Each structure stands twice: as C-alpha cells, then as structure tokens.
Amino acid sequence: MACCWGEYQVSVDGISGQRKWRPLIYRKCTDVLWLILFFLFWAGLMFITGYAVTAGAAERLVFGYDSYGNICGRKNTYIQGAPLSGQDMTNKIHVFSLNSCSLEIKNFKINSVALCVSSCPQEQLNSLEDIQLFAKNNGSSLCIYNINISNYTLNPKAAELCPTLPVPPSKSFPLFNRCVPQNPECYSQFASILINVVNEVDVFHRILSGIMAGRDTIIGLSVLALAFSFIMVLTFRFITTLLVHIFITLVVFGLLFVSGVLWWLYYDYTNDPSIELETEKENVKFLLGFAIISTIITMVLLSLIFVLRKRIQLTVQLFWVANKIISRVPSLLFQPLWTFLILIFFWVFWVAVLLSLGTAGSAQVVSGGQVEYKILSGIRYMWWYHLVGLIWTNEFILACQQMTIAGAVTSCYFTRNKSSLPRHLILSSISVLFCYHQGTVVKGSFLITIVRIPRIILMYLYDALKEKESACARCMFKCCFCCFWCLERCLRYFNQHVYTTTAINGTNFCTSAKDALFILAKNSANIAFINCFGDFIIFLGKVFVVCFTVFGGLMAFNYHREFHVWVVPLLLVALFACLVAHSFLSVFEVVMDALFFCFAIDMETNDGSPEKPYFMDQELLNFVNHSTKLTEWEKNRKQKTPRNNEDGTELQPMFFSAGSRSCAHKRDSALESLQGNTPGTVLSQGLN
C-alpha cells in the first residue's frame, strides 16, 4: 500500500511532474494527518464498544427481567450475592407481578416482586390450590423460584412467597412483555401506576424500547426501501419520456395520499380519549410534525413540477448522456450495492452498541436478594460521542462512493479512444482512493459533520427549552436551522467537485478546493442550470422511495399503538429509506456532476487544435449547445428585447459567464471540429 508516504506514477514517459488537469499522471498520499485523526477517533469508538458490550445488556429492554436480575426468555449468569439469579428462563417469556392489584411507586420503580413466567393466568385464581393447579397444568409457576410447586399449600410462608389473592386474570401486553391484569379495578390501578413509571422513564430508553419492539417491522420496511431504490435505478437507466411521465404521476399521487393519511391519523389520535401515556402523546406530536412537513414538501414539489413540466425532454436527453458513460463502465451501477451493504453493516453495529449503552450499568444486590441496575452518569457523554461517530462515518462512506464514481468517470472522459477504455475502472478508482486519498475524503466528511452537529445541538436545546422560550427565540432557532441546512447543502455540492478534482489531479483537499473553485467561478451558473433538471428528477426519485416506504410504515405501525413510540421508529425508517435512495440514485447525480465538470475543464485547458484536441464527444457537446441556447432564448423572450445581427439573431455566450465571446467561439469551434461542418451549420443544429 502506498500510504502513508508513497507516490504513484503512471505517466507514459515515466517523468513525474505537476498535474495539468489530466488523471493518473502523478500521485502521493493526501491529508495524511486527517486520516490519522480518523483512526484515533475510531479507536475511541472501539473503546466505547468494548465498554458497552461488557457493561450493557440490551436484552433487558427487549424481553424484560425479574426482580432477581434474570432476563426473561434467556439463560442467565449468576450475580454474586443474589441466590435466585443465573436461572434458565428460556421458556419463561412473560413478566408477572405478585401484587398487581396493589402496586406502589418507590424511587420511580414499581415496589413489587416481578417474576418470569411461561404464561399469564387467563382466569382468576382464588386460592393457593388454584395457583398450584395452574402451575401443574400450564407449567407456569407464579410463586418465588425457591419454593416447590408441591409445597404451595404446605409452606407457612406461602402467603409472602406467592401472589396476593385473588390473582386477577391477566394478558401479556407488548411493553416489556408484562402480564397486565384484566380485572377492571386492578387494571385501572395497574395502568395508572404503569403510566406514571413509563412517563418518568428517560426518553432515550423509551425510544429504544419502541425500536426493539418493532424491530421486525423496521427490517421489513428497510428491505422495501431497498426494493424501491432498485426499481428507481432501473427506471433512470432505461429512461424514456413515457417513463418520466408515469414516474412523476406516481410521485404526485403518492405525496397527496401520504399527506392525507398523516392528517387522518393525527385527527384520529387527537379524538381518542384513551390517550394517557407520554409515549402516545409523543406519537401525536410527531404525527403533526410529519403531516405539516409532508404537506409543505407536497406543495413545493407540485409547484416545481408545474414550472419544469416543459423541460422533461431535455431531462431525458441529460440522462441519455449520463447513461452513455454508465454503458461504458457498467460496473458503476453495482457500486451503490456495496455502499449499501457497508452502511447496513455499520448501522447494525451502531444500533447494537447504542442498545448496549442504553442498558449499561452495574448490578447492585438489595434486600431480599433482589437486583437493581444503576446507570453510570458518564454514559450520556458516550452517547454523544457515539452520535458523532454515526454522522462522520456515514458521510465518510458516502464520500468514498462519490470519489470512486468520480474517478471512474474522469478516467473514462479523459481517454482519447473511448472504444478501448482501461479495464476495471471501478477497481482502479477504489485502489487509488484507498491507497492515496482516504485523508481527503475524511476531511471532506468531517466538514459536513461539524456543520450537522450544531443543528443537532440546536434541536436538542429547542426541545429542552420549548416550554420556556418566547416566540422570538423560536424564530431565531428556526432561522439557525435553515442557515445550517443551506450551508450543509452548499458544502455537499462543493465537496463533490473537490473529490472530482482530487481524482484528476491527485492533490490534497485545500488545493483541490482552490482549483475547483476556479472552474466553478467561471461556469457555476451554467453548470447548475444543466444539472438542475437531472438533480430535480433524482430528488423526486428519492421522494418516491421515502414516500411509499413511509406509507408502508404507517400501515404497519398503526396497528401497534400501545405503549410504543412508534412514530420515532417510523422516522428512523424514513431516514434509512432516504439514505438508501441517496446511496443508489447518487450514481446518476455524481456521474452528471463529474461529467460536466470535466467538460468545463476540457473547454478551459484545450482549444480544439491538433496540439490541444478536445476529449469530449459530439453527443455531449450537442447537448450542452442545445440546453444553453435554449436558456438564452427564453431569457431574451422574457426580456422582449430581441437583438439583431447580420443574420437576424445574436447568440449570447452559452457556457461561460461574464459574456466571454472567446469561450463561446471555442465551444462552437469544438463542435465544428467534431462534426466537420461549417459554423453556420453548427449553430443551426445546436438550435434544433
């Protein structure tokens, strides 16, 4: 491996030297210090992982546990000083309270002995004989573990070691698999105590409980998002005008339908008199937020679709140009699959560590051999560190994909003979990335991270101070959110061109940023105009994936309302669907950005002469001419001030800004040299 201080030289004459916007001439490792910093950061994550694995027990959140430290439904290890711990509870999956009709709260905990039982009593048990008969018939012992079933009626301490009589009929509810009494009097008291306990539980733990309770649904919806993303990739790969119309119609109806369902669910929840749990109230708040955001997005997208409806044919041509590159390097379409698998692995790892951190604590033996778990105060700082690791690593993985695709596109573009491209362009691009430019990708992803962290902190403060802040403070918070979001979007767009520049020149992040800024400063408006239509259709593809995945989640989670923060798992599914869609569809976005950035470099560094011939092909130049002249024609039409020259129409500079006639002449000369036509014929073909 060439890093950390290696150099890579592949020029034809073997002479290393300064780059001049040509790929694969001379390379060395870039931004090595940032790569070392990233390794040190991950060393901290590994320390947190080790601590979470040794001190945490995520299964307690999922399956529930008894008063002696045993997790229901699992084999347990012995806890020193707790004689009834360490038992095999594989067949005992429910949590049963001995005095469910007379519960009390002490230090935010239910002051009642809890046991793991194999089944909840379906009928009322009025005597010890009934309890003994229930245990024999169902194999479910309702008394303390150290008393034998045959001694229920003989043990003088049976009244203390067995449940309070009469034992009401109960049913297992999803929250920690507890047996909840069905007797009206007992149920009302049990529910009121349980509501107070659940409402006092830390929001973090309630969210974790909701996620784990609906884990099967979350996995299914994630697979659904993957299927929708794959469908969108095929749609864009073989795009036609008819497919675009069908796709836009589905997006419009999907947005309207999901918005309507969200408002209907919000109305249904607000008119439900049985809502008492804080988790259910949070469901209502999140539903209102979802409904408002969905409605705003729907209105904005409908307006944009109406404005851009006449540019559909131009968008199809843009995708044809991008697909020409993809057809030359078909392995580009498989790159998102590897990115997705890596993201899946990382997310599973991150959530597993998060669950372990949420249950990390030391077991303490109290009176009667019972066990309580004390959460350490320093865990919360580990949560924040773990969150930063999620953001930074996610951005690093996505940035690696961007640079890999950009490297393959630039190698393809700057090859003279397009019919004999180098073999394994993707593997070569990956090799160059991991051997020489990981530090650059780390630095770019870190910039995105430090922009996103203030947004998260502001959201945390906004939620913590929402009952104390004034209207002016709320307005300031929202303005800060908007500013940081806009900064993040601009930085993402700029980083993409920086990665492309690094893939071409092999320079570090700062040098590549300076070179990319030089090109973008001369061409930003026109490049943005050409790419905006393709980016908008790609954005609609992401909306399509998220929209229909959220709809499936609404239908699935709506049937599991009890005691679950099910809207938060739905938000997690929506974010995951957005991430998957972005991972798959960003192939077309990165290909378009890299392609037209290379076009701008080609026009900047070459003049079409035999000494400096262009690398572009005729189809790309025709498309740029057509799209840019269409823009000038619409601008002149709006101004209603036609300018006449000797031929009756003056063509404004089309690709480069500041009215550079020389640049327009270079572009027309390029088209003339590629087509072998006269300038007049070239211009007429461009307008057609």
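Residues numbered from 1 in each chain as written. Predicted model: local features only at pLDDT ≥ 70, side-chain atom pairs only at ≥ 80, totals over all residues. Heavy atoms only, no water.

(A) Focus on the packing of helix α12 (residues 379–413) against helix α15 (residues 471–505). It is the contact of α12 with α15, at a shortest axis distance of 8 Å, that shows an interaxial angle of 50°. Regarding the angle of α12 to α15, the classification is oblique. Relative to α15, the crossing made by α12 is right-handed. Two secondary-structure elements touch here, α12 through Glu395, Ala399, Gln402, Met403, Ala406, Gly407 and Thr410 and α15 through Arg492, Gln496, Tyr499, Thr500, Thr502, Ala503 and Ile504. Of the residues assigned to the contact of α12 with α15, the class counts are six nonpolar, six polar and two charged. (Axes fitted to C-alpha atoms, helices over the stretch in contact; angles between N-to-C directions. Helix = DSSP H or I, 4+ residues; strand = E, 2+ residues; numbered from the N terminus. Parallel < 35°, antiparallel > 145°, perpendicular 65-115°, else oblique. Left-handed = near helix turned anticlockwise from the far one by under 90°. Contact = heavy atoms within 4.5 Å. Nonpolar A, V, L, I, M, F, W, Y, C, P; charged D, E, K, R; others polar.)

(B) Region of the structure containing the pattern of salt bridges. Tallied over the full model, the rule gives six salt bridges. Between glutamate 488 and arginine 452 there is a salt bridge, with the nearest N and O atoms lying 3.8 Å from each other. Residue glutamate 488 is found in helix α15, and its partner arginine 452 is found in helix α14 (residues 438–464); the two are separated by 36 residues along the sequence. By relative accessible area, which is 6% here, glutamate 488 ends up buried. Residue lysine 542 pairs with glutamate 589 through a salt bridge whose shortest N-O separation is 3.5 Å. Linking lysine 542 in helix α16 (residues 509–557) with glutamate 589 in helix α17 (residues 567–605), this pair joins segments that are 47 residues apart in sequence. The network of salt bridges with shared partners includes Glu395, Arg452, Arg455, Glu488 and Arg492. (Salt bridge = Lys/Arg side-chain N within 4 Å of Asp/Glu carboxyl O. Buried < 20%, exposed > 50% of the residue type's maximum accessible area, 1.4 Å probe, protein only.)

(C) Highlighting the state of the cysteines. Tallied over the full model, the rule gives three disulfides. Here cysteine 72 engages in a disulfide with cysteine 116; their sulfurs sit 2.0 Å apart. Every disulfide takes its handedness from the sign of the S-S torsion; for cysteine 72 and cysteine 116 that torsion is -85°, giving left-handed. A residue pair is termed long-range when its members are at least 10 positions apart, and cysteine 72 in the loop between α2 (59–63) and β3 (94–97) and cysteine 116 in strand β6 (residues 114–117) qualify at 44 residues. Judged by its relative accessible area of 0%, cysteine 116 falls in the buried class. (Disulfide = S-S within 2.5 Å.)

(D) Layout of a nonpolar patch on the surface. Taken together, the side chains of Trp263, Ile292, Ile296, Val300 and Leu304 make up a nonpolar region of the molecular surface, amounting to roughly 420 Å² of accessible area. If one sorts the elements of the nonpolar patch by residue count, helix α9 (residues 278–307) sits on top with four residues. Residue position: leucine 304 is located in helix α9. Of the residues examined, leucine 304 reaches a relative accessible area of 36% and is grouped as partly exposed. (Patch = residues over 30% accessible without salt bridge, like charges linked within 9 Å, V, L, I, M, F, W, Y side chains within 5 Å. Areas by Shrake-Rupley, 256 points an atom, 1.4 Å probe, with all protein chains shown as cover.)

(E) Representation of the confidence of the model for the protein chain in the model. Here the protein chain averages 75 in pLDDT, and 74% of its residues register 70 or above. When pLDDT is averaged over each helix and strand of the protein chain, the minimum, 34, is found for helix α20 (residues 679–687) and the maximum, 91, for helix α1 (residues 32–55). Note on residues 4–19: pLDDT under 50 across the span, and 36 contacts to partners over four residues away in sequence or across chains. Under a pLDDT of 50 for its full length, residues 640–664 has, in the predicted model, 42 contacts with residues more than four places off or in other chains. (pLDDT = per-residue confidence, 0-100.)

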